[in-house]
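# Summary of structural features
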Amino acid sequence: MARISRRLRGRRRREVDPARVPPGQYVVDDFPVLSAGPTPRTAPEQWSFQIDGAVAEPITWTWEQFRAMPSQTITVDIHCVTKWSKLDTAWTGVSLDALLERVETEADHLTAWCDGGYTTNLALEDVAGGKAWVVYEFGGEPLAAEHGGPARLLVPDLYLWKSAKWVRGLTLTPQDEPGFWEAAGYHNHGDPWKEQRYSGD
Ligand SMILES: Nc1nc2c(c(=O)[nH]1)N[C@H]1C(S)=C(S)[C@@H](COP(=O)(O)O)O[C@H]1N2
Ligand SMILES: [Mo]
C-alpha cells in the first residue's frame with residue numbers, strides 16, 4: 001500500500017513555490033528545444049570565442065583557452081517567452097564578468113552573435129555582476145547541440161531568447177542595436193517578471 005502511493009506520488013510533479021514562477025508562465029520538467037533554424041554543429045577545434053566591436057583591442061579564445069578560464073556551476077530558473085519555465089537548471093561555464101574583464105570599453109551595449117546567424121542585444125548592466133555566463137555544460141554533461149553546444153549564452157534573469165545558443169562572440173556597441181527577435185517585435189529588454197514579451201509590453 002505504502003509502496004503504491006509512494007510510486008504515484010513520485011510521478012506527480014513536485015510542488016513548486018508559485019513565487020518562483022513569473023506571471024503567465026507554467027513549469028515544465030522536460031527541456032523543450034526552440035531554434036529559429038537548423039542546428040549548427042561546430043567542432044570544438046573549429047570553435048572560438050571573440051569579443052570585438054567598441055573595444056581597445058579585440059580578444060579571441062580557442063576552445064582550449066576558453067576551457068582553461070575559471071568556470072562556475074550555477075543553478076538557475078529559466079523562462080521562455082512561449083510561457084514554459086524550467087526550475088533549478090544547472091550549468092557550467094565562464095561568467096561574462098571574467099570575459100569582459102579582458103577588454104577595455106566605454107560601450108554600454110553588446111550584440112551576441114552565433115553560428116547560424118542568430119543575434120540578440122543586451123545592455124552591459126544586464127550581464128555584469130554575476131548575471132550572465134557562456135556555458136558549455138548542462139546538468140554536468142557537455143551541452144547538447146540542440147541546446148546550444150558547444151557553448152551558449154545564459155542570461156537567466158531575462159527571457160530565454162536572450163540566451164543565444166551556439167554563441168561565438170560578443171560585439172560591444174556604443175548604441176543599442178536590436179537583435180534577431182528584438183527586430184521582429186519581441187521586447188527589447190525581456191524581463192519575465194515584468195512580462196516584457198513583445199515591444200510595447
Ligand atoms: N542561436 C540561437 N539561439 C537561440 C535561439 C535560436 O533560434 N538560435 N532561440 C532562442 C529562444 S527563442 C529560446 S526560447 C531558447 C531556447 O533554448 P533551448 O532550445 O535550449 O530550450 O534559445 C534561444 N537562443
Ligand atoms: Mo523563445
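Every chain's residues receive numbers from 1 upward, in the order its sequence appears when written. Labels follow written order: the first chain is A, the first ligand is 1, and so on. At least 70 in pLDDT is required for a residue's local features to be given in this predicted model, at least 80 for side-chain atom pairs to be given and counted, and no such filter applies to totals for whole chains, interfaces and linings, which use all residues. Hydrogens and water are ignored here; the side-chain numbers use all heavy atoms of the structure.

## Observations regarding the site of ligand 1
For each residue, the test is whether any non-hydrogen atom lies within 4 Å of the molecule or strand; if one does, the residue is near. Surveying the vicinity of ligand 1 reveals 20 residues, the closest of which are Pro32, Ala36, His147, Arg152 and Lys165. Two N or O atoms form a polar contact when they lie within 3.5 Å of each other; inside protein one atom must be a possible hydrogen donor and the other a possible acceptor, and for residues adjacent in sequence the pair counts only when both atoms belong to side chains. One of the side-chain N or O atoms of His147 is found 2.6 Å from an oxygen atom in ligand 1. Taking Arg152, its side chain carries an N or O atom lying 2.7 Å from an oxygen atom of ligand 1. Contact with the protein chains covers 97% of the free accessible surface of ligand 1, which is 530 Å². The distinction between a cavity and a pocket rests on a 1 Å grid over the protein atoms alone: a 1.4 Å probe fits inside a cavity but cannot get out, while a pocket stays open yet meets protein on both sides within 12 Å along at least five of seven lines, and a residue with an atom within 4 Å of a point counts as lining. If over half the atoms of a molecule are within 2 Å of the grid points of a cavity or pocket, the molecule is regarded as sitting in it. The cavity where ligand 1 resides is the largest pocket. Under the scheme applied, nonpolar residues are Ala, Val, Leu, Ile, Met, Phe, Trp, Tyr, Cys and Pro; charged residues are Asp, Glu, Lys and Arg; polar residues are all the others, including Gly. The class makeup of the residues in the shell around ligand 1 is 14 nonpolar, three polar and three charged. Note on areas: these come from Shrake-Rupley sampling with a 1.4 Å probe, and a residue is covered only by the protein chains present in the view.

## Observations regarding the nonpolar core
What we call a nonpolar core is a set of buried Ala, Val, Leu, Ile, Met, Phe, Trp, Tyr and Cys residues that are connected through their side-chain atoms within 4.5 Å. The classification of residues rests on relative accessible area computed with a 1.4 Å probe and restricted to protein chains. Under 20% of the type maximum is buried, over 50% is exposed, and intermediate values are partly exposed. Membership of the largest hydrophobic core comes to 38 residues, with the highest contact counts inside it found for Phe49, Ile51, Phe66, Leu96, Leu99, Leu100 and Val134. Working definition: helices are DSSP H or I runs of at least four residues, strands are E runs of at least two. Numbering for both runs from the N terminus. Those elements that place two or more of their residues in this core are strand E2 (48–53), strand E3 (59–62), helix H2 (63–67), helix H3 (96–100), strand E6 (109–114), helix H4 (124–127), strand E8 (133–138) and strand E11 (167–173). Ranked by residue count, the leading element in this core is H3, at four residues. Those residues in contact with Ile51, other than ones at most four positions away along the chain, are Pro58, Ile59, Trp61, Leu99, Leu100, Val103, Leu170 and Leu172. Only heavy atoms enter the contact rule, under which two residues are in contact if any of them lie within 4.5 Å.

## Comments concerning the layout of surface pockets
Approximately 460 Å³ is the volume attributed to the largest pocket. Lining of the largest pocket is provided by 27 residues; of these, Leu34, Ser35, Ala36, Tyr118 and Trp181 occupy positions nearest its centre. In terms of residue class, the lining of the largest pocket is made up of 17 nonpolar, seven polar and three charged. Grid points are joined across faces, edges and corners, and a volume is the space filled by probe spheres set on the points.

## Looking at unusual backbone geometry
Across the junction of Gly149 and Pro150, the peptide omega takes the value 10 degrees, indicating a cis bond. Along the chain, Pro150 falls in the loop between strand E9 (141–142) and strand E10 (152–154). The phi dihedral of Asp88 falls on the positive side, at around 55 degrees, and the residue is not glycine. Counting through the fold element by element, Asp88 comes out in strand E5 (residues 84–95). For Glu195, which is not glycine, the phi dihedral falls at a positive 50 degrees.

## Observations concerning the side chain of His187
As for its position among the elements, His187 is in the segment after helix H5 (180–183). Not counting residues within four places of it along the chain, the set of residues in contact with His187 comprises Trp161, Glu182, Gln196, Arg197, Tyr198, Ser199 and Asp201.

## Considerations on the state of the cysteines
Whenever a pair of cysteine sulfur atoms sits within 2.5 Å, that pair is classed as a disulfide. Under the definition given, this model contains zero disulfides. Free of any disulfide, Cys80 has its nearest cysteine sulfur in Cys114, 16 Å distant.

## Looking at the pairing of E6
Within E6, five of the six residues are buried, leaving the element largely enclosed by the surrounding structure. If DSSP finds at least two bridges between two strands, the strands pair. Here E6 runs beside strand E7 (residues 119–123); their pairing, made up of five bridges, is antiparallel. Among the inter-strand pairings, Leu110 is bridged to a residue of E7, identified as Leu122. With antiparallel pairing between neighbouring strands as the criterion, E6 and E7 make up a hairpin whose turn holds four residues, including Gly116 at a positive phi of roughly 100 degrees. Pairing between E6 and E11: six bridges, direction antiparallel. If you follow Cys114 over to E11, its bridge partner there is Val167.

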